[in-house]
Amino acid sequence: MQKVLTIMDFRKQFKTEEDCLNYLVEIKWGAGFKCIKCGHGKYSKGRQWFYRRCKECGYDESATANTMFHKCKLGLLRAFEIGFRISVKKKGMSSCELGREFGCQQRSAWLMKAKFQNAMKSSDNYPLEGKVEVDEFLVGGFDENEVGRSLESKQLVVLGVEKVIDKKDNVTIGRAYARVIENASAKKLKPFFEQKIDKKSSITTDGWRGYWPLQKDWNIEQKLSKKGQGFKELHIHIMNIKGWLRGIHHKCKGNRLQQYLDEFHFRFNRRGFLSTILDKLLIRAMELEPCPYKTIKVCEQNT
Ligand SMILES: [Zn+2]
């Protein structure tokens, strides 16, 4: 059994705001100090214990400055626990649930979650490898009977999954990535292939012509989809994404869909590393530029 970070573990590690600040100090300066204003490497004590003052230019920086935790209205403890809930809990949590559970306005919970979702965006550093399957699917409206690639109110998503076959021929999915695309032309599919699929992998797609020009650079085999039967595991994954969006985030639409796909796959791709998933999220969150409310495009806040 893999070790999972439980709420008890979390509360043991983070009891107070100071515990959280300490953790952020460690992430920010654990490997050494570097002034963000002038790049100098030496510091003296700042105005409070979680500040460091640059010895060269005098800039006094707090552990939260220039990160998404700066002036966090919910408090760090609640922010960290929201991060815990949405990363460790298999299906995440909607902002309505978070608001109720944390005794804050749903809008505040939504904003914190949106910031964490930004931190869940994949880095493009670990492309899919080995046997890879790619397909597209529509999200929005959830009219499963409509076939074809016309868009209207729906959004098109391209999905790539690693197909893992063990010694007993059991097939499972390794890692997966999904991206919202404007249409299924080769031009729009190509950036996804470039950023998410290793050139040495063996890719299988359906017969769609948008994949033809990509065969120049990738090893692509095309086969009949037979309404998904030809790509069983991949289609189960699509059903899981759709079911999750429908269930917990039933109103997800507009330009937030990519963030929800990022959240889903951040968890999915780390399902084997549940003891460190929160650390990973918090480290990434510290690396992000702070994003004030007005810069996050608000399309639907009830998700
Ligand atoms: Zn400086």
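Residues numbered from 1 in each chain as written. Predicted model: local features only at pLDDT ≥ 70, side-chain atom pairs only at ≥ 80, totals over all residues. Heavy atoms only, no water.

Student: Any chance you could explain the sheet that holds strand β5 (residues 155–165) here in plain terms?
Tutor: In a beta sheet, neighbouring strands are held together by backbone hydrogen bonds and run either parallel or antiparallel to one another. Within the open sheet, the five strands sit side by side as β6-β5-β4-β7-β8. Their pairing is mixed. The strands lining the two open edges of the sheet, one partner per strand, are β6 (171–181) and β8 (219–222). Looking at each pair of strands side by side, their axes are set apart by 30 degrees on average, direction ignored. Pairing of strand β4 (residues 131–139) with β5 involves eight bridges; the strand directions are antiparallel. Along β5, the bridge assignment pairs E133 with V161. Those strands touched by helix α6 (residues 186–196) are β4, β5, β6, β7 (202–205) and β8, and its axis lies near 135 degrees from that of β6. Contacting β4, β5 and β6, helix α7 (residues 232–247) runs over the sheet at an angle of about 35 degrees to β4. (Pairing = 2+ DSSP bridges. Helix = DSSP H or I, 4+ residues; strand = E, 2+ residues; numbered from the N terminus. Axes fitted to C-alpha atoms, helices over the stretch in contact; angles between N-to-C directions. Contact = heavy atoms within 4.5 Å.)

Student: Please clarify how the coordination of the zinc ion should be interpreted in this entry.
Tutor: Perfect tetrahedral coordination of a metal by four donors corresponds to 109.5 degrees between them, and perfect octahedral coordination by six donors corresponds to 90 or 180 degrees. Within the protein, C35 (SG), C38 (SG), C54 (SG) and C57 (SG) serve as the donor atoms for the zinc ion, at 2.2 to 2.4 Å. On the basis of relative accessible area, C57 is assigned to the partly exposed category, the value being 41%. (Donors = N, O, S within 2.8 Å, 3.2 Å for Na, K, Ca; no water. Buried < 20%, exposed > 50% of the residue type's maximum accessible area, 1.4 Å probe, protein only.)

Student: Help me understand the packing of aromatic side chains in this model?
Tutor: What describes a pair of aromatic rings is the distance from one ring centre to the other and the angle between the planes of the rings. Per the counting criterion, the structure on display carries 16 aromatic pairs. Taking the centre distance of 5.2 Å and the plane angle of 50 degrees together, the rings of F10 and F14 count as tilted. The two residues F10 and F14 agree in class, both being buried. Members of the aromatic cluster, connected to one another through ring pairs, are F10, F14, Y23, F69, F80, F84 and F116. (Phe/Tyr/Trp six-rings, centres within 6.5 Å; stacked < 30°, edge-to-face > 60°.)

Student: Would you mind showing me how to read the packing of helix α2 (residues 17–29) against helix α3 (residues 76–88) here?
Tutor: If you want to describe how two helices pack, look at the angle between their axes and the distance between the axes. Where α2 meets α3, the axes come as close as 8 Å, and the angle between the chain directions of the two elements is 70 degrees. The orientation of α2 with respect to α3, classified from their angle, is roughly perpendicular. The segment α2 lies against α3, with E17, C20, L21, Y23 and L24 engaging L76, L77 and F80. For the contact of α2 with α3, the residue count by class is seven nonpolar, no polar and one charged. (Parallel < 35°, antiparallel > 145°, perpendicular 65-115°, else oblique. Nonpolar A, V, L, I, M, F, W, Y, C, P; charged D, E, K, R; others polar.)

Student: It is not clear to me how the sheet that holds strand β1 (residues 43–45) should be interpreted in this structure. Could you clarify?
Tutor: Read from one edge to the other, the open sheet built from three strands follows the order β1-β2-β3, with strand pairing classed as antiparallel. Strands at the two margins of the open sheet, each flanked by one partner only, are β1 and β3 (60–62). Along the sheet, successive strands turn relative to each other by an average axial angle of 35 degrees, direction set aside. As judged from the three bridges shared by strand β2 (residues 51–54) and β3, these two strands associate in the antiparallel manner. Within β3, the residue paired with R52 across the bridge is E61. Each of β2 and β3 is contacted by α2, which is oriented at about 120 degrees to β3, the strand it contacts most.

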